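# Results of the structural survey
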Amino acid sequence: MPRPAKKLDFDDVTVLVSILRGVGAQVKKAPLTKPQIAGLTGLPTVRLTAAYKTLLKLELAEQIEPPKDMPPKGAYLKITAKGRAYCKAYDLLFA
């Protein structure tokens, strides 16, 4: 029997939006590594990893290949159009 999907609470949504903002701010520059996102958001690594998986599953971000000057190990994300709309909706609802 499949598990029912866990519904996101306000804290989860806030974490996802903060990561999306960090990733989206680096569109023209080099993508941020996971430790850089952790430093930017102040999230523990375990919560950050879970949020990365959620972002990918919800298709709010997509994983990209690491740039040549970046370490090859790790997950590099790029925000999608759906992710931008998610951030905009969050801002409209909670700003």
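Our structure's up above, just so we're on the same page.
Read on for a plain summary of the structure. (Residues numbered from 1 in each chain as written. Predicted model: local features only at pLDDT ≥ 70, side-chain atom pairs only at ≥ 80, totals over all residues. Heavy atoms only, no water.)

Bringing the overall build of the protein chain into the picture now. The number of helices and strands found in the protein chain is four helices and two strands. Start at the N end of the protein chain and walk to the C end: the helices and strands fall as α-α-α-β-β-α. Taking 95 residues into account, the globule formula puts the C-alpha radius of gyration at 12 Å, and the protein chain, at 14 Å, falls close to it. Seen through its C-alpha atoms, the protein chain measures out along the principal axes to roughly 40 × 35 × 25 Å. Long-range pairs, those at least 24 residues apart, make up 52% of the contacts in the protein chain with a sequence separation of at least 6. If you average the places of the 16 positive and of the 8 negative side-chain charges in the protein chain, the two averages end up 1 Å apart. (Helix = DSSP H or I, 4+ residues; strand = E, 2+ residues; numbered from the N terminus. Rg over C-alpha atoms; globule rule 2.2 N^0.38 Å. Contact = heavy atoms within 4.5 Å. Lys, Arg positive; Asp, Glu negative; His and termini not counted. Charge placed at Lys NZ, Arg CZ, Asp CG, Glu CD.)

We now examine the packing of aromatic side chains. Evaluated as defined, the whole model comprises three aromatic pairs. Each ring, one from Phe-10 and one from Phe-94, has its centre 4.9 Å from the other, and the planes form 70°; the classification is edge-to-face. Of the two residues, Phe-10 is situated in helix H1 (residues 10–24) and Phe-94 in helix H4 (residues 81–94); the sequence distance between them amounts to 84 residues. Residue classification places Phe-10 among the partly exposed residues on the basis of a relative accessible area of 45%. Centroid distance Tyr-90 to Phe-94: 5.1 Å. Interplanar angle 50°. Geometry classified as tilted. One end of the pair is Tyr-90 and the other is Phe-94, both in helix H4 and four residues apart, which spans about a single turn. For Tyr-90, a relative accessible area of 13% corresponds to the buried category. Taken together, the ring pairs in this structure connect Phe-10, Tyr-90 and Phe-94 into an aromatic cluster. Residue placement shows Lys-34 over the ring face of Tyr-52; its charged tip is 4.9 Å from the ring centre. (Phe/Tyr/Trp six-rings, centres within 6.5 Å; stacked < 30°, edge-to-face > 60°. Buried < 20%, exposed > 50% of the residue type's maximum accessible area, 1.4 Å probe, protein only. Lys NZ or Arg CZ within 6 Å of the ring centre and 35° of its normal.)

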